[in-house]
Amino acid sequence: MIVECPPASLSERKATCRAGSNIAFIKYWGVAGSGEDLNIPLNNSISMTLADAHTTTTVAWDGCVCLPEDTVVIDGVQLEGGPAERIVAHLDRLRALAGVPYKARVVSNNNFPMASGIASSASGFAALTVAGAAALGLRLNATRLSAVARQASGSASRSLFGGFVEWERGWGRGESESSSLLDTRSVAHQMYDENHWALRDVIAIVSAGAKRVSSSSGHRLAATSPLNAARTQCVREWLKTVRRAIAERDFSLLGPVLELDALAMHGVMMTSTPSLLYWQPGTLQVLQAVRSWREDEGVPVYFTIDAGPNVHLICEADSASEVERRVGALPAVERVLTSGPGTGPQFLDGHLF
(Lines give C-alpha, C1' and ligand atoms only; values in the text may rest on other atoms or scores of the structure.)
Protein backbone atom coordinates (compact mmCIF):
# COMPACT_ATOMS: atom_id res chain seq x y z
CA MET A 1 0.00 0.00 0.00
CA ILE A 2 1.22 3.50 -0.87
CA VAL A 3 0.23 6.54 1.17
CA GLU A 4 0.39 9.68 -0.91
CA CYS A 5 0.07 12.88 1.08
CA PRO A 6 -2.32 15.31 -0.65
CA PRO A 7 -1.10 18.90 -1.05
CA ALA A 8 -2.42 21.30 1.55
CA SER A 9 -4.02 24.60 0.56
CA LEU A 10 -2.19 27.78 1.45
CA SER A 11 -5.17 28.98 3.48
CA GLU A 12 -5.39 25.90 5.71
CA ARG A 13 -2.34 23.78 6.41
CA LYS A 14 -4.27 21.16 8.36
CA ALA A 15 -4.70 17.40 8.06
CA THR A 16 -6.06 14.56 10.20
CA CYS A 17 -4.88 10.97 10.12
CA ARG A 18 -5.82 7.78 11.97
CA ALA A 19 -3.10 5.13 12.33
CA GLY A 20 -3.23 1.71 13.95
CA SER A 21 -0.91 0.46 16.63
CA ASN A 22 0.84 -2.83 15.96
CA ILE A 23 1.79 -5.94 17.89
CA ALA A 24 5.25 -7.29 17.20
CA PHE A 25 5.58 -11.04 16.70
CA ILE A 26 9.37 -10.67 16.59
CA LYS A 27 10.35 -7.72 18.75
CA TYR A 28 12.42 -4.60 18.27
CA TRP A 29 14.50 -4.05 21.38
CA GLY A 30 17.79 -2.18 21.45
CA VAL A 31 19.38 0.25 19.04
CA ALA A 32 22.71 0.19 17.25
CA GLY A 33 25.35 2.13 19.16
CA SER A 34 26.14 4.75 16.55
CA GLY A 35 22.53 4.94 15.35
CA GLU A 36 20.73 5.82 18.56
CA ASP A 37 19.39 9.12 17.27
CA LEU A 38 18.05 7.36 14.16
CA ASN A 39 16.51 4.33 15.91
CA ILE A 40 18.49 1.80 13.88
CA PRO A 41 17.44 -1.59 15.31
CA LEU A 42 19.70 -4.48 16.24
CA ASN A 43 17.53 -6.87 14.22
CA ASN A 44 14.59 -7.01 11.84
CA SER A 45 11.13 -7.23 13.41
CA ILE A 46 7.74 -8.48 12.24
CA SER A 47 4.35 -7.17 13.37
CA MET A 48 0.62 -7.12 12.72
CA THR A 49 -1.03 -3.72 12.38
CA LEU A 50 -4.15 -3.47 14.54
CA ALA A 51 -7.55 -2.33 13.27
CA ASP A 52 -9.10 -1.45 16.63
CA ALA A 53 -6.23 0.09 18.64
CA HIS A 54 -5.47 3.39 16.99
CA THR A 55 -4.52 7.05 17.32
CA THR A 56 -6.22 9.95 15.58
CA THR A 57 -4.14 13.10 15.13
CA THR A 58 -4.83 16.53 13.67
CA VAL A 59 -1.89 18.77 12.76
CA ALA A 60 -2.30 22.42 11.76
CA TRP A 61 0.72 24.49 10.74
CA ASP A 62 0.66 28.23 11.43
CA GLY A 63 1.52 29.73 8.05
CA CYS A 64 0.80 33.23 9.37
CA VAL A 65 3.64 32.85 11.91
CA CYS A 66 1.34 33.93 14.73
CA LEU A 67 1.85 30.90 16.99
CA PRO A 68 4.84 31.51 19.30
CA GLU A 69 5.53 27.82 19.95
CA ASP A 70 4.24 24.36 19.15
CA THR A 71 1.27 23.22 21.21
CA VAL A 72 0.54 19.53 21.79
CA VAL A 73 -2.60 18.06 23.39
CA ILE A 74 -2.88 14.29 23.86
CA ASP A 75 -6.05 12.73 25.23
CA GLY A 76 -7.18 16.13 26.49
CA VAL A 77 -3.94 16.99 28.31
CA GLN A 78 -1.65 19.75 27.06
CA LEU A 79 1.97 18.61 27.21
CA GLU A 80 4.63 20.94 28.58
CA GLY A 81 8.41 20.73 28.92
CA GLY A 82 9.97 17.28 28.75
CA PRO A 83 6.85 15.31 27.76
CA ALA A 84 6.44 17.54 24.70
CA GLU A 85 10.09 17.51 23.60
CA ARG A 86 9.97 14.24 21.66
CA ILE A 87 6.97 15.43 19.65
CA VAL A 88 8.48 18.87 19.03
CA ALA A 89 11.68 17.19 17.83
CA HIS A 90 9.63 15.27 15.28
CA LEU A 91 7.87 18.43 14.16
CA ASP A 92 11.37 19.84 13.63
CA ARG A 93 12.09 16.96 11.23
CA LEU A 94 8.98 17.76 9.22
CA ARG A 95 9.85 21.47 9.22
CA ALA A 96 13.33 20.63 7.91
CA LEU A 97 11.89 18.51 5.10
CA ALA A 98 9.53 21.29 4.03
CA GLY A 99 12.01 24.13 4.62
CA VAL A 100 9.55 26.17 6.67
CA PRO A 101 9.65 27.82 10.13
CA TYR A 102 5.95 27.30 10.96
CA LYS A 103 4.90 26.27 14.43
CA ALA A 104 2.21 23.65 14.77
CA ARG A 105 -0.86 22.86 16.80
CA VAL A 106 -1.24 19.13 17.43
CA VAL A 107 -4.24 17.38 18.97
CA SER A 108 -4.17 13.60 19.32
CA ASN A 109 -6.56 11.02 20.81
CA ASN A 110 -5.96 7.34 21.54
CA ASN A 111 -8.71 4.74 21.88
CA PHE A 112 -6.55 2.63 24.22
CA PRO A 113 -4.33 3.35 27.26
CA MET A 114 -1.23 5.31 26.34
CA ALA A 115 2.32 4.29 27.36
CA SER A 116 1.21 0.98 28.84
CA GLY A 117 2.73 -1.56 26.46
CA ILE A 118 0.24 -1.32 23.58
CA ALA A 119 2.59 0.61 21.28
CA SER A 120 0.95 4.01 21.51
CA SER A 121 4.17 5.58 20.19
CA ALA A 122 3.81 3.47 17.04
CA SER A 123 0.32 4.66 16.19
CA GLY A 124 0.96 8.15 17.58
CA PHE A 125 4.07 8.95 15.57
CA ALA A 126 2.72 7.24 12.46
CA ALA A 127 -0.38 9.44 12.59
CA LEU A 128 1.69 12.55 13.40
CA THR A 129 4.08 11.88 10.51
CA VAL A 130 1.37 11.32 7.94
CA ALA A 131 -0.85 14.21 9.06
CA GLY A 132 2.06 16.61 9.54
CA ALA A 133 3.57 15.85 6.13
CA ALA A 134 0.19 16.12 4.41
CA ALA A 135 -0.58 19.46 6.00
CA LEU A 136 2.75 20.79 4.71
CA GLY A 137 2.04 19.51 1.20
CA LEU A 138 4.93 17.04 1.26
CA ARG A 139 4.32 14.24 -1.23
CA LEU A 140 6.00 11.23 0.31
CA ASN A 141 5.14 7.58 -0.28
CA ALA A 142 4.71 5.12 2.57
CA THR A 143 8.33 3.95 2.40
CA ARG A 144 9.71 7.44 2.88
CA LEU A 145 7.16 8.20 5.57
CA SER A 146 8.30 5.01 7.29
CA ALA A 147 11.88 6.29 7.30
CA VAL A 148 10.79 9.59 8.84
CA ALA A 149 8.51 8.01 11.44
CA ARG A 150 11.26 5.56 12.48
CA GLN A 151 13.40 8.42 13.74
CA ALA A 152 10.75 9.35 16.31
CA SER A 153 9.68 5.80 17.22
CA GLY A 154 11.11 2.66 15.71
CA SER A 155 7.84 0.76 15.89
CA ALA A 156 6.06 3.65 14.14
CA SER A 157 7.87 2.66 10.95
CA ARG A 158 5.76 -0.51 10.91
CA SER A 159 2.44 1.31 11.44
CA LEU A 160 2.84 3.01 8.05
CA PHE A 161 1.58 -0.25 6.52
CA GLY A 162 -1.45 -2.44 7.10
CA GLY A 163 -1.63 -6.17 7.68
CA PHE A 164 1.59 -8.08 8.33
CA VAL A 165 4.74 -5.99 8.22
CA GLU A 166 8.51 -6.48 8.44
CA TRP A 167 10.89 -3.69 9.44
CA GLU A 168 14.32 -4.17 7.93
CA ARG A 169 17.39 -3.24 9.95
CA GLY A 170 18.86 -2.01 6.68
CA TRP A 171 22.42 -1.28 7.68
CA GLY A 172 25.09 -3.97 7.40
CA ARG A 173 26.99 -4.97 10.52
CA GLY A 174 29.77 -2.47 11.13
CA GLU A 175 28.42 -0.04 8.52
CA SER A 176 28.25 3.55 9.73
CA GLU A 177 24.72 4.42 10.80
CA SER A 178 24.36 7.91 9.42
CA SER A 179 21.67 9.13 7.09
CA SER A 180 19.44 11.90 5.86
CA LEU A 181 15.84 12.24 7.00
CA LEU A 182 14.66 10.35 3.92
CA ASP A 183 17.27 7.57 3.90
CA THR A 184 15.22 4.44 3.18
CA ARG A 185 17.71 1.75 4.15
CA SER A 186 15.97 1.01 7.47
CA VAL A 187 12.25 1.00 6.69
CA ALA A 188 9.26 -1.30 6.95
CA HIS A 189 7.40 -3.04 4.13
CA GLN A 190 4.14 -4.93 3.92
CA MET A 191 4.46 -8.71 3.76
CA TYR A 192 0.73 -9.41 3.37
CA ASP A 193 -2.34 -7.22 3.62
CA GLU A 194 -4.94 -7.28 6.39
CA ASN A 195 -7.05 -9.91 4.59
CA HIS A 196 -4.29 -12.51 4.48
CA TRP A 197 -4.93 -14.17 7.85
CA ALA A 198 -7.77 -13.72 10.35
CA LEU A 199 -5.67 -13.53 13.50
CA ARG A 200 -6.88 -11.74 16.62
CA ASP A 201 -4.98 -9.87 19.31
CA VAL A 202 -6.94 -10.12 22.57
CA ILE A 203 -5.27 -7.58 24.84
CA ALA A 204 -5.54 -8.23 28.57
CA ILE A 205 -5.14 -4.86 30.26
CA VAL A 206 -3.94 -5.39 33.83
CA SER A 207 -2.78 -1.79 34.24
CA ALA A 208 -3.82 1.25 32.23
CA GLY A 209 -1.26 3.49 33.92
CA ALA A 210 1.79 4.86 32.13
CA LYS A 211 4.96 2.86 32.67
CA ARG A 212 7.74 4.48 34.68
CA VAL A 213 10.48 3.86 32.10
CA SER A 214 9.63 4.59 28.47
CA SER A 215 10.49 2.22 25.66
CA SER A 216 12.80 4.84 24.12
CA SER A 217 14.85 4.89 27.33
CA GLY A 218 14.75 1.11 27.64
CA HIS A 219 16.16 0.55 24.15
CA ARG A 220 19.36 2.27 25.17
CA LEU A 221 19.81 -0.12 28.10
CA ALA A 222 19.62 -3.33 26.06
CA ALA A 223 23.35 -3.41 25.40
CA THR A 224 24.05 -3.60 29.15
CA SER A 225 22.34 -7.01 29.42
CA PRO A 226 24.50 -10.14 29.20
CA LEU A 227 21.59 -11.80 27.38
CA ASN A 228 21.26 -9.22 24.62
CA ALA A 229 23.79 -10.65 22.16
CA ALA A 230 22.34 -14.16 22.52
CA ARG A 231 18.80 -12.96 21.81
CA THR A 232 19.92 -10.96 18.77
CA GLN A 233 21.69 -14.04 17.41
CA CYS A 234 18.62 -16.27 17.93
CA VAL A 235 16.28 -13.77 16.28
CA ARG A 236 17.76 -14.53 12.86
CA GLU A 237 16.28 -18.04 12.93
CA TRP A 238 13.06 -16.95 14.63
CA LEU A 239 12.44 -14.46 11.83
CA LYS A 240 12.61 -17.28 9.28
CA THR A 241 10.07 -19.27 11.26
CA VAL A 242 7.65 -16.38 11.60
CA ARG A 243 7.90 -15.47 7.90
CA ARG A 244 7.04 -19.06 7.01
CA ALA A 245 4.23 -19.29 9.58
CA ILE A 246 2.57 -16.14 8.24
CA ALA A 247 3.02 -17.18 4.62
CA GLU A 248 1.43 -20.59 5.30
CA ARG A 249 -1.04 -19.33 7.94
CA ASP A 250 0.34 -21.97 10.29
CA PHE A 251 -0.70 -21.00 13.82
CA SER A 252 0.98 -23.98 15.50
CA LEU A 253 4.28 -22.82 13.96
CA LEU A 254 3.79 -19.15 14.83
CA GLY A 255 2.63 -19.42 18.44
CA PRO A 256 5.65 -20.94 20.21
CA VAL A 257 8.02 -18.40 18.63
CA LEU A 258 5.80 -15.52 19.81
CA GLU A 259 6.19 -16.63 23.40
CA LEU A 260 9.88 -17.44 23.07
CA ASP A 261 10.86 -14.04 21.70
CA ALA A 262 8.65 -12.13 24.15
CA LEU A 263 10.23 -13.93 27.10
CA ALA A 264 13.72 -13.46 25.64
CA MET A 265 13.13 -9.73 25.24
CA HIS A 266 11.88 -9.37 28.79
CA GLY A 267 14.87 -11.40 29.96
CA VAL A 268 17.09 -8.74 28.36
CA MET A 269 15.08 -6.02 30.10
CA MET A 270 15.26 -7.72 33.49
CA THR A 271 19.04 -8.18 33.25
CA SER A 272 19.96 -4.73 31.94
CA THR A 273 21.61 -2.09 34.13
CA PRO A 274 19.49 -0.68 35.61
CA SER A 275 17.05 -3.58 35.49
CA LEU A 276 13.64 -3.05 33.90
CA LEU A 277 10.76 -5.05 35.36
CA TYR A 278 7.58 -4.10 33.53
CA TRP A 279 5.56 -7.08 34.74
CA GLN A 280 3.00 -6.76 37.51
CA PRO A 281 1.34 -9.57 39.48
CA GLY A 282 -1.55 -9.51 37.01
CA THR A 283 0.85 -10.04 34.11
CA LEU A 284 2.02 -13.35 35.55
CA GLN A 285 -1.56 -14.38 36.32
CA VAL A 286 -2.45 -14.01 32.65
CA LEU A 287 0.68 -15.82 31.44
CA GLN A 288 0.02 -18.78 33.71
CA ALA A 289 -3.63 -18.90 32.66
CA VAL A 290 -2.78 -18.92 28.95
CA ARG A 291 -0.35 -21.78 29.40
CA SER A 292 -2.95 -23.75 31.39
CA TRP A 293 -5.75 -23.16 28.87
CA ARG A 294 -3.58 -24.32 26.00
CA GLU A 295 -1.75 -27.25 27.60
CA ASP A 296 -4.53 -28.60 29.82
CA GLU A 297 -7.69 -27.71 27.88
CA GLY A 298 -6.55 -27.43 24.27
CA VAL A 299 -7.43 -23.75 23.73
CA PRO A 300 -5.24 -22.56 20.81
CA VAL A 301 -3.84 -19.30 22.16
CA TYR A 302 -0.34 -17.92 22.77
CA PHE A 303 0.90 -14.80 24.54
CA THR A 304 3.29 -12.03 23.72
CA ILE A 305 4.17 -8.91 25.72
CA ASP A 306 5.51 -5.55 24.59
CA ALA A 307 7.37 -3.15 26.90
CA GLY A 308 4.73 -2.96 29.60
CA PRO A 309 2.60 -5.05 31.95
CA ASN A 310 -0.28 -5.81 29.59
CA VAL A 311 -0.49 -9.13 27.76
CA HIS A 312 -1.41 -9.74 24.12
CA LEU A 313 -3.17 -13.06 23.55
CA ILE A 314 -2.81 -14.11 19.93
CA CYS A 315 -5.32 -16.54 18.47
CA GLU A 316 -7.27 -17.21 15.30
CA ALA A 317 -10.66 -15.62 14.76
CA ASP A 318 -12.70 -18.71 15.55
CA SER A 319 -11.13 -18.91 19.02
CA ALA A 320 -11.36 -15.22 19.89
CA SER A 321 -14.70 -15.21 21.71
CA GLU A 322 -13.62 -18.09 23.97
CA VAL A 323 -10.29 -16.40 24.73
CA GLU A 324 -12.08 -13.11 25.46
CA ARG A 325 -14.46 -14.85 27.85
CA ARG A 326 -11.71 -16.61 29.73
CA VAL A 327 -9.33 -13.69 30.06
CA GLY A 328 -12.11 -11.27 30.97
CA ALA A 329 -12.96 -13.47 33.96
CA LEU A 330 -9.48 -13.26 35.46
CA PRO A 331 -9.45 -11.07 38.61
CA ALA A 332 -6.38 -9.11 37.53
CA VAL A 333 -7.78 -8.05 34.14
CA GLU A 334 -9.31 -4.57 34.13
CA ARG A 335 -10.37 -4.50 30.50
CA VAL A 336 -10.14 -6.54 27.32
CA LEU A 337 -9.51 -4.98 23.90
CA THR A 338 -9.67 -7.21 20.83
CA SER A 339 -8.43 -6.39 17.35
CA GLY A 340 -7.84 -8.07 14.05
CA PRO A 341 -5.40 -6.93 11.36
CA GLY A 342 -5.94 -3.38 10.16
CA THR A 343 -5.08 -1.12 7.25
CA GLY A 344 -2.34 1.44 6.98
CA PRO A 345 -2.93 5.10 7.97
CA GLN A 346 -6.14 6.70 6.76
CA PHE A 347 -6.91 10.39 6.22
CA LEU A 348 -10.10 11.64 7.90
CA ASP A 349 -12.29 14.49 6.74
CA GLY A 350 -13.29 15.47 10.27
CA HIS A 351 -10.62 17.29 12.29
CA LEU A 352 -10.15 17.26 16.08
CA PHE A 353 -10.22 21.08 16.15
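Just above, that's the structure.
**Student:** Looking at this structure, I do not really get the state of the cysteines. What am I missing?
**Tutor:** Covalent bonding between the sulfur atoms of two cysteines defines a disulfide. For the structure on display, the rule yields zero disulfides. Looking at the unpaired Cys-66, the closest cysteine sulfur is the one in Cys-64, lying at 4.9 Å. You can call Cys-66 exposed: its relative accessible area is 62%.

**Student:** What should I look at first to understand the pairing of strand 10 (residues 311-316) in this one?
**Tutor:** Two faces make up the sheet, and in a regular strand the side chains alternate between them. The buried count for strand 10 comes to five of six residues, which makes it a mostly enclosed element. In this structure, strand 8 (residues 199-205) lies alongside strand 10, joined through six bridges in antiparallel fashion. Along strand 10, the bridge assignment pairs Arg-200 with Cys-315. Sheet topology note: the strand 9 (residues 302-304)/strand 10 ladder contains three bridges and is antiparallel.

**Student:** Mind showing me how you'd approach the side chain of Arg-93 here?
**Tutor:** Counting through the fold element by element, Arg-93 comes out in helix 1 (residues 82-98). Here Arg-93 is in contact with Asp-37, Gln-151, Ala-152 and Leu-181, once residues within four sequence places are set aside.

**Student:** Explain the sheet that holds strand 11 (residues 335-339) to me, please; I cannot follow it from the model alone.
**Tutor:** Paired through backbone hydrogen bonds, the strands of a sheet run either parallel or antiparallel to each other. The strand order 9-10-8-11 describes an open sheet built from four strands, whose pairing is antiparallel. The strands lining the two open edges of the sheet, one partner per strand, are strand 9 and strand 11. Taken pair by pair, the neighbouring strands of this sheet meet at an average axis angle of 25°, ignoring direction. Each of strand 8, strand 9 and strand 10 is contacted by helix 7 (residues 281-297), which is oriented at about 20° to strand 10, the strand it contacts most.

What counts, and where the lines are drawn
All residue numbers refer to positions counted from 1 along the written sequence of the respective chain. Residues qualify for local features only when their pLDDT is at least 70, as the model is predicted, and side-chain atom pairs are given and counted only at 80 or more; totals for whole chains, interfaces and linings, by contrast, use all residues. Water and hydrogen atoms play no part in the side-chain values, which are based on all heavy atoms of the structure. What counts as a disulfide here is a pair of cysteine sulfur atoms lying within 2.5 Å. The cut-offs for exposure are 20% and 50% of the maximum accessible area for each residue type, with area from a 1.4 Å probe on protein chains only; residues under the lower value are buried, those over the upper are exposed, and the others partly exposed. Only runs of H or I of at least four residues qualify as helices and only runs of E of at least two qualify as strands under DSSP, and these elements are numbered from the N terminus. Pairing between two strands requires that DSSP report at least two bridges joining them. Note on contacts: a residue pair qualifies if any of its non-hydrogen atoms lie within 4.5 Å across the two residues. To obtain an axis, a line is fitted to C-alpha atoms, over the contacting stretch when the element is a helix, and the angle between two such axes runs from 0 to 180 degrees between their N-to-C directions.

In short, shape yes, function no, at least from these values alone.
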